[in-house]
Amino acid sequence: MTRTISRSEFLQGRFSGKNRPLRPPWSVADERFLELCNQCGDCKKHCPTRIIQSGRGNYPLIDFKRGECLFCAECVDACQTGALRRDTKSPAWSISASIDSERCLAHKSIECRACFDPCERRAIEMQYRVGAIAIPLLDAQLCNGCGACYAPCPVDAIEIRIPVEVAA
Ligand code: SF4
Ligand code: SF4
């Protein structure tokens, strides 16, 4: 099960119930994360793209408006508390992007491919149509949730889907 968070929730770190805040990659389950993380900020200091920011209670959160995740694991290496644990068999996280067609300019017949160009995974494909503007289609199976498409969208049409955490 996934839940899409609004842009304001995303940037302010407002989450509720069992919905998982967007922590740095390879974070342990959120309940355990809050026990282990001592808010030292080491992950934030080491992130080369500066996408780790301090959220509520000074706990780290990801802000894709600042850039993308490189999956370099510098944050994991910097974390001394075990709140971030890299398992090479598991992906960094289970998030994926989606496109809100109500907001997307291309869906309103305005030429735009701002999300397409930064996607190195080619998870976004431009669908060309005879006599019409090409529209972006996003394949959630190919998306690794790097967030590279998020900031370039001029109308905030990219949404980040965060799985609801089943067990903490
Ligand atoms: S993996 Fe690298 S780029 Fe991604 S959040 Fe951690 S330090 Fe930043
Ligand atoms: S989050 Fe990354 S992989 Fe997914 S569609 Fe956007 S740019 Fe592509």
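Reading guide: rules and limits
Residues numbered from 1 in each chain as written. Chains lettered and ligands numbered in written order. Predicted model: local features only at pLDDT ≥ 70, side-chain atom pairs only at ≥ 80, totals over all residues. Heavy atoms only, no water. Helix = DSSP H or I, 4+ residues; strand = E, 2+ residues; numbered from the N terminus. Buried < 20%, exposed > 50% of the residue type's maximum accessible area, 1.4 Å probe, protein only. Areas by Shrake-Rupley, 256 points an atom, 1.4 Å probe, with all protein chains shown as cover. Salt bridge = Lys/Arg side-chain N within 4 Å of Asp/Glu carboxyl O. Near = heavy atom within 4 Å. Nonpolar A, V, L, I, M, F, W, Y, C, P; charged D, E, K, R; others polar.

Q: Sorry if this is basic, but what is going on with the overall build of the chain here?
A: If you tally the helices and strands in the chain, you get four helices and seven strands. Walking the chain from its N terminus toward its C terminus, one meets helices and strands in the order β-α-α-α-β-β-α-β-β-β-β. Expressed as a percentage of its 168 residues, the buried residues of the chain come to 44%. Accessible surface, the chain as shown: approximately 9,300 Å² in total, 47% of it carbon and sulfur.

Q: Any chance you could explain the pattern of salt bridges here in plain terms?
A: One side chain can pair with another of opposite charge once the charged atoms of both are near each other. Summed over the entire model, instances satisfying the criterion amount to seven salt bridges. Two residues, R66 and D63, come together in a salt bridge whose shortest N-O distance is 3.4 Å. For R103, the salt bridge goes to D100, with nearest N and O atoms at 3.9 Å. Relative accessible area serves as the criterion here: at 42%, R103 is assigned to the partly exposed category.

Q: Explanation requested: the site of ligand 2 in the structure shown.
A: The environment of ligand 2 is formed by 13 residues, the closest being C119, C143, C146, G147 and C149. For the shell around ligand 2, the per-class residue count stands at nine nonpolar, three polar and one charged.

Q: Please explain the site of ligand 1 as it appears in this structure.
A: If you check the shell around ligand 1, you find 13 residues, and the closest are C47, C69, C72, A73 and C75. A per-class count over the shell around ligand 1 returns eleven nonpolar, one polar and one charged.

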